[in-house]
Amino acid sequence: MNSPYIEPKQHLLDLFRQALARIAPAADAGIELDRPKQAAHGDWACNVAMQLARGLKRNPREVAADLVAALPASEWVDRVEIAGPGFINVFLKPAVWQRLPAHILARGAEYGRLGLGRGERVQVEFVSANPTGPLHVGHGRGAAYGASLANVLAYAGYDVTREYYVNDAGRQMDILAVSTWLRYLELTGEHVPFPPNAYQGEYVRTMAKSIHGLHADRYKRTLAEIMTGVPPVPSAEEYVEKPDAKVAAEAALDALIAAAKRLLGQDYDYFHGYALEEQLGDCRNDLTEFGVCFDHWFSERSLHEAGLIDRALERLAARGHLYEQDGATWFRASAFGDEKDRVVRRENGQYTYFAADIAYHLNKFERGFARVVDVWGADHHGYIPRVKGALAALGLDPDRLTVALVQFAVLYRNGQKVSMSTRAGEYVTLRELRQEVGNDACRFFYVLRKSDQHLDFDLDLAKRQSTDNPVYYIQYAHARIASVLAAWGGLEGDLLDADAGRLTHPDELALLRRLAEFPEVIAAAAGDLAPHLVAYYLKDLAADLHGLYTSCQFLVEDETLRLARLQLVAATRRVLRTGLTLLGVSAPDKM
RNA sequence: GCCCCCGUAGCUCAGUGGAUAGAGCAUCCCCCUCCUAAGGGGAGGGUCACACGUUCGAUUCGUGUCGGGGGCGCCA
């Protein structure tokens, strides 16, 4: 009764390897075992006979017959059949599955944890949105995907570090600082034209109000002195309608940034720092509420300040991969698979964002990560060859970096696309989305698609509390079990010795098989960087539970049967909880 | 022009080098004196965009065509 649970797949692989060694010692075919789609084809199916047939110049069914004859006896195998063109279908004894619930209860949250990664250090960098305003729904998907992926990798046995790259050094931050100052000036009665390409959001006014409340008119400058040397600022209408207004607007904005730095001096850093702290804090807060946490917030500015960019470029130069042209410094990216060479230092002496990214990625590997996963928006795909090229040029293996591209999420309400315009500050923020549909539905819906698939986020469906909403469907399965166990009133520990041999109903066996799949799902999700596999698995698991719930009463008179069934559902609850936790979704006991 | 993603049921999407391709929704029918009906069962619905190749076997891999989405700054 209490003999340990054996991993059926590993056990069968051993048997097949032995059989293969007997009948075809020279064959180097790898043994593959698949779960057949149909129950009539057994618990596991092996196709090696068909792969061997050609080399052996024999009929695959004959090869299969020889293999079956050579299989060592096993107390777990009920029978073996040869089917179709040469499949070997293995039917296991129910006892194999019946041992599983006790095993799951004994292992608790560790059931499904794997040693695949062997403790290898992996960094997952995700979100990394510019701290220039609230996170929007697009960032939300990267956050949910990255967090779930990191959880899955950790559970699969990798030593995972979660990192957010803070773009605190670029022009976008300058634009935010100036936007804040201009709004502040409005409060002092000085109305400088607000550029259409500056940050329009209400949060900028909020920051301006706070600063004005703290320091009154201390940072006021007159319109005349600010606009000296600043080209005309296009209006919002011109910006949308006239093609050349875009260029003019960029020039005006740059001139305003220069004016702010000149007129404010040290105080410019105050605006810059204030806006950065405020927005980054808001972002961190938003993500924390979303259940998304980071081990490191890595500052882009620190790369500049520590001289790491110089060092990275020197290393590239020493290897002969940089050259000067048109006053700029270029990286010979085309020699490393990129379509053209890329500027790393502009004519004006400033480093490009790419230069910082080279230094950042070099730094990642210098910190000892064996593998790095970057989660990027799909619009950055063209950026991959140059970063990988830079790694190769630095003498690092570019395959140690995996870029996971996350496609955009489009919101639908009442069957209509919810329009978004970042420029006008008209977009749905992640916070608004979370408030509208709840964190659980939010996290789950975001990972319900393959990451490289466009996501249609149906707000109405996410809020619906019914069978068509998968997150409630799964949570409901968990709550139903909790409710049954509460009605029973015993302790989970009392179920460890239940006579699981009593579990013979087809729906019980189906659920047992499903529970056995969980570790394989984790392995697949970690291997393919695909946490959505966990979400789909949980849907299937919940469906099996709901089916059993309808077909079998758990709290029956027959005590051994009752305990066996409670053991099964308690194990199911465990796996549901583990899976939901990996996805950052709660597992409620009551709904 | 070049690059990336996608094309599977009416809709939204899973899935796989294998044996009769799945789920939810939608449509139609059925199931609560019983542990939560936020549940379950059943029916209908498919040339896995198309063509050619590789293979014992292709919806899956490769090439091409067609169709949809996205990207191609000395921006970040």
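Residues numbered from 1 in each chain as written. Chains lettered and ligands numbered in written order. Predicted model: local features only at pLDDT ≥ 70, side-chain atom pairs only at ≥ 80, totals over all residues. Heavy atoms only, no water.

Asks: How would you summarise empty space enclosed by the protein if you had to cite specific residues and measurements?
Replies: Considering all chains together, one arrives at two cavities of 30 Å³ or more under this definition. Its volume calculated, the largest cavity comes out at about 40 Å³. Taken together, Arg141, Tyr145, Tyr446, Val447, Arg449, Lys450, Ser451, Pro531 and His532 make up the full set of residues lining the largest cavity. Here the lining of the largest cavity is built from residues that sort into four nonpolar, two polar and three charged. As a volume, the second largest cavity reaches approximately 30 Å³. Taken together, Leu308, Arg311, Ala359, Leu362, Asn363 and Glu366 make up the full set of residues lining the second largest cavity. Mapped onto the lining of the second largest cavity, the elements with two or more residues apiece are α14 (308–318) and α15 (353–366). (1 Å grid on protein atoms, 1.4 Å probe; cavity = no way out; pocket = protein on both sides within 12 Å on 5 of 7 lines; lining within 4 Å. Points joined across faces, edges and corners; volume = space filled by probe spheres on them. Nonpolar A, V, L, I, M, F, W, Y, C, P; charged D, E, K, R; others polar. Helix = DSSP H or I, 4+ residues; strand = E, 2+ residues; numbered from the N terminus.)

Asks: Summarise the sheet that holds strand β13 (residues 409–413); cite the residues concerned and give the values.
Replies: Taken in spatial order, the three strands line up as β14-β13-β15 in an open sheet, and their pairing is mixed. Sheet topology places β14 (416–417) and β15 (455–458) at the edges, where each strand pairs with a single neighbour. (Pairing = 2+ DSSP bridges.)

Asks: Before we move on, could you go through unusual backbone geometry and cite the residues and values that matter?
Replies: Positive phi is not limited to glycine here, since Ser128 has a value of about 45°. Residue position: Ser128 is located in the loop between β5 (121–125) and α6 (137–155). On the basis of relative accessible area, Ser128 is assigned to the buried category, the value being 14%. Located in the positive-phi region is Asp326, a residue other than glycine, with phi close to 55°. By the element assignment, Asp326 lies in the loop between β8 (322–325) and β9 (328–331). Given the relative accessible area of 58%, Asp326 is considered exposed. (Buried < 20%, exposed > 50% of the residue type's maximum accessible area, 1.4 Å probe, protein only.)

Asks: Describe in detail the layout of surface pockets, supporting the description with residues and values.
Replies: Its boundaries defined by the atoms lining it, the second largest pocket holds a volume of some 660 Å³. Taken together, 28 residues line the second largest pocket, and the ones lying closest to its centre are Pro36, Lys37, Gln38, Ala39 and Gly42. Of all elements in the fold, only β2 (44–46), β3 (77–83), β4 (87–92), α4 (94–98) and α21 (506–527) reach the threshold of two or more residues within the lining of the second largest pocket. A class-by-class count of the residues in the lining of the second largest pocket yields twelve nonpolar, six polar and ten charged. If you count residues domain by domain, the lining of the second largest pocket takes at least three from each of domain 1 (8–92) and domain 3 (466–582). (Domains from an automatic or database assignment.)

Asks: Break down the side chain of Asp168 for me, citing the residues and quoting the values.
Replies: Within the secondary structure, Asp168 is located in the loop between β6 (159–166) and α7 (171–187). One buried charge, Asp168, has no salt-bridge partner; the nearest side chain with opposite charge is Arg301, at 4.3 Å. Within the local environment of Asp168, its side chain forms a polar contact with the side chain of Ser299, the two groups lying 2.6 Å apart. Polar side-chain contacts of Asp168 include one of 3.1 Å to the backbone nitrogen of Glu300. Not counting residues within four places of it along the chain, the set of residues in contact with Asp168 comprises Met173, His272, Leu276, Ser299, Glu300 and Arg301. (Lys, Arg positive; Asp, Glu negative; His and termini not counted. Salt bridge = Lys/Arg side-chain N within 4 Å of Asp/Glu carboxyl O. Polar contact = N/O pair within 3.5 Å; in protein donor to acceptor, adjacent residues only side chain to side chain. Contact = heavy atoms within 4.5 Å.)

Asks: Please set out the domain arrangement of chain A residue by residue, giving values where relevant.
Replies: Split by domain assignment, chain A resolves into domain 1 (8–92), domain 2 (171–280) and domain 3 (466–582). Spacing between the C-alpha centres of domain 1 and domain 2 amounts to 72 Å.

Asks: Describe the nonpolar core, listing the residues and the values that go with them.
Replies: Grouped together as the largest cluster of nonpolar side chains are 161 residues, with contacts concentrated most on Trp181, Leu287, Tyr446 and Phe457. Ranked by residue count, the leading element in this core is helix α23 (residues 559–582), at eleven residues. Setting aside anything within four residues of it in sequence, one finds Tyr446 in contact with Val137, Gly140, Arg141, Ala144, Phe290, Ala409, Leu430, Leu433, Leu455 and Phe457. The next biggest cluster of nonpolar side chains, apart from the first, holds 34 residues, and it includes Tyr165, Ala355, Leu362 and Phe369. (Core = buried A, V, L, I, M, F, W, Y, C linked by side-chain atoms within 4.5 Å.)

Asks: Describe the pattern of salt bridges, naming the residues involved and giving the relevant values.
Replies: Inspection of every chain in the model, using the stated rule, returns 33 salt bridges. With a closest N to O distance of 2.9 Å, Asp66 and Arg58 form a salt bridge. Residue Asp66 is classed as partly exposed on the basis of its relative accessible area of 31%. Residues Asp544 and Arg514 are paired through a salt bridge, measuring 2.6 Å at the closest nitrogen-oxygen approach. Taken together, the residues span a long stretch of sequence, with Asp544 in helix α22 (residues 532–551) and Arg514 in helix α21 at a distance of 30 residues. The exposure classification of Asp544 matches that of Arg514, with both residues buried.

Asks: Which residues make up the packing of α14 against α15, and what are the values?
Replies: Direction vectors running N to C along α14 and α15 enclose 90°, while the axes themselves pass 8 Å from each other. Taken together, α14 and α15 sit at an angle that is classed as roughly perpendicular. On α15, the residues touching Leu308, Ile309, Arg311, Ala312, Arg315 and Leu316 of α14 are Ala355, Ala356, Ile358, Ala359, Leu362, Asn363 and Glu366. Residues belonging to the contact of α14 with α15 are distributed by class as follows: nine nonpolar, one polar and three charged. (Axes fitted to C-alpha atoms, helices over the stretch in contact; angles between N-to-C directions. Parallel < 35°, antiparallel > 145°, perpendicular 65-115°, else oblique.)

Asks: Before we move on, could you go through the environment of Cys283 and cite the residues and values that matter?
Replies: As for its position among the elements, Cys283 is in helix α12 (residues 266–289). Look at Cys283 and you get buried, because its relative accessible area is 3%. With 153 residues separating them in the primary sequence, Cys283 and Asn130 have C-alpha atoms 9.7 Å apart.

Asks: Mind laying out α7, listing which residues take part and the relevant values?
Replies: Taking 1.5 Å per residue as the helical rise, α7 with its 17 residues ought to reach 24 Å, and the 25 Å between its terminal C-alpha atoms agrees with that figure. α7 sits mainly inside the fold: 14 of its 17 residues count as buried. Gly189, located one to two residues past α7, shows a positive phi value of around 90°. (Expected span 1.5 Å × (residues − 1).)

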